[in-house]
Amino acid sequence: RMVVELQAENADLRARLATREAAADDPLRVREQRAFLLIKEMCQAVILLDMQGTILETNQAGLDPAALRRESRIGHLLWEPSSWSGSPVVQKQVQMMFQHAIATGEFVRQEIEIPTPGNRTERMVIDISLKPLCEDQGKFTFVLFEGRDITERKHAEEQVARKNVELQALYEQVSKLDQLKSLFFATMNHELRTPLTLILGPTEALCQQPSLAPEIRQVLEVVARNGRLLLKLVNDLLEVSRLESGQLQLHYASCDLSRLVQLLAANFETVATERRLTYRVQTPPALMVEIDAAQIERVLLNLLSNAFKFTPDDGSITCSLERQSIDQNSWVVLTVQDSGPGIPTALLEMIIERFRQTE
């Protein structure tokens, strides 16, 4: 008896091995097995329908969301209640999509929101598509259904949209505050210019009196000098306001830039001598350019002021002007260099921001 049983088992084993080897030798069978495995393990739902909407085949992802069994799906219509958490509205949507697809032969795609299976208080979003399939004769015989759960993606998109709305509201608020600030600057500028002009006029007129006592003249000159400095600061404030509001206009004129640089740089010679700084000003004998001299003056005075501010005693400062050209194009390079601590590379962009200063 044992021998007979062993012979039977060996015969069964040989038959199974022969079947497996035959299948391995059949390329079409191998491709079919691989395709079935691929579709079965896909994360998105894939369902094959006939032209009436009846489910012919489905992969596991088409069963998992509603915890359905394959036997309960095959042979049933795609839009039956069990497939869509019993929502009549969703069932109607899916049915209308199917009818449109088979009527037109077109690929149809839509995002549908359904109740989350097992949790009626939450919703999930499914990206579903229907594509009619043709046989060799060009006749539609099947419809391919695909479904993807995009709930997390939609939540992320909604969150991004909310953040964008918040950022837009914040941007508008900042813009309004910026406009108010610019208006405040402009108003304060005009309010300050009037009394300063009334102070400077009589003070400078008194300084011209020949009979004025030397000590009084000295005091009035201090008043006039600081009044002019304050007026310059007020004018600079107005320029900032115009720049921020886009109303700053440049006024170009022919100018000897070498002479302008020499005159501006000369204002710092006394400070350089007092602090024992090596101060060099290097310019061509003459350099005619088309510039807005007032704006260039502001730029250079700021650069030189910073250089003298951050350069220690016994240091060095160089102001140079040179013309460069390539082919028919030429330009001017104005450089202020000092032996101070310098600016770290990582902070170079920050110093261009308003009201910012590095250590």
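To be clear, the structure that these remarks concern was listed above.
Nothing here was measured: the structure is a model prediction, and the numbers come from that model. (Residues numbered from 1 in each chain as written. Predicted model: local features only at pLDDT ≥ 70, side-chain atom pairs only at ≥ 80, totals over all residues. Heavy atoms only, no water.)

Caption draft 1: Structural view of the overall build of the chain. Within the chain, the regular secondary structure consists of nine helices and ten strands. Put simply, the chain has 359 residues, and 27% of those count as buried. The long-range fraction of contacts in the chain, counting pairs at least 24 apart against all pairs at least 6 apart in sequence, stands at 52%. Here the chain has roughly 25,000 Å² of accessible surface; of this, 56% comes from carbon and sulfur atoms. (Helix = DSSP H or I, 4+ residues; strand = E, 2+ residues; numbered from the N terminus. Buried < 20%, exposed > 50% of the residue type's maximum accessible area, 1.4 Å probe, protein only. Contact = heavy atoms within 4.5 Å. Areas by Shrake-Rupley, 256 points an atom, 1.4 Å probe, with all protein chains shown as cover.)

Caption draft 2: The arrangement of helix α9 (residues 293-310) in detail. With 18 residues, α9 should cover 26 Å at 1.5 Å per step; its first-to-last C-alpha distance of 26 Å lies within 8% of that length. Of the positions making up α9, those classed as buried are Q295, L300, L301, L304, A307 and F308. (Expected span 1.5 Å × (residues − 1).)

Caption draft 3: Inspection of the pattern of salt bridges at higher detail. Counted according to the given criterion, the structure contains eleven salt bridges. Across the pair E111 and K154 runs a salt bridge whose closest N-O atoms are separated by 3.1 Å. With E111 in strand β3 (residues 108-116) and K154 in helix α5 (residues 151-207), this residue pair connects regions lying 43 residues apart in the sequence. Across the pair R276 and D314 runs a salt bridge, and its minimum N-O distance is 2.8 Å. Placement of the pair is R276 in the loop between α8 (269-274) and β7 (278-282) and D314 in the loop between α9 and β9 (316-326), with a sequence separation of 38 residues. (Salt bridge = Lys/Arg side-chain N within 4 Å of Asp/Glu carboxyl O.)

Caption draft 4: Structural view of unusual backbone geometry. Even without glycine at this site, D314 takes up a positive phi of about 70°. Despite not being glycine, D327 shows a phi value in the positive range, around 55°. Here D327 lies in the loop between β9 and β10 (329-338).

Caption draft 5: Layout of the sheet that holds β9. With mixed pairing, the three strands of this open sheet are ordered in space as β7-β9-β10. Of all the strands in the sheet, just β7 and β10 have a single pairing partner and so form its edges. Averaged over neighbouring strand pairs, the angle between their axes works out to 15° when direction is ignored. With ten bridges connecting them, β9 and β10 associate as antiparallel partners. Note that in β10 the partner of C319 across the bridge is V336. Together, β7, β9 and β10 form the strand contacts of α9, whose direction differs from that of β10 by roughly 25°. (Pairing = 2+ DSSP bridges. Axes fitted to C-alpha atoms, helices over the stretch in contact; angles between N-to-C directions.)

Caption draft 6: Structural context of the pairing of strand β1 (residues 45-49). Of all five residues in β1, four are buried; the element is thus mostly enclosed. Here β1 pairs with strand β5 (residues 140-149) via five bridges, running antiparallel. By the bridge assignment, L49 is partnered in β5 with V143. Bridge count for β1 against strand β2 (residues 55-58) is three bridges, and the pairing is antiparallel. From the neighbouring strand, L48 faces β2, where its bridge partner is E57.

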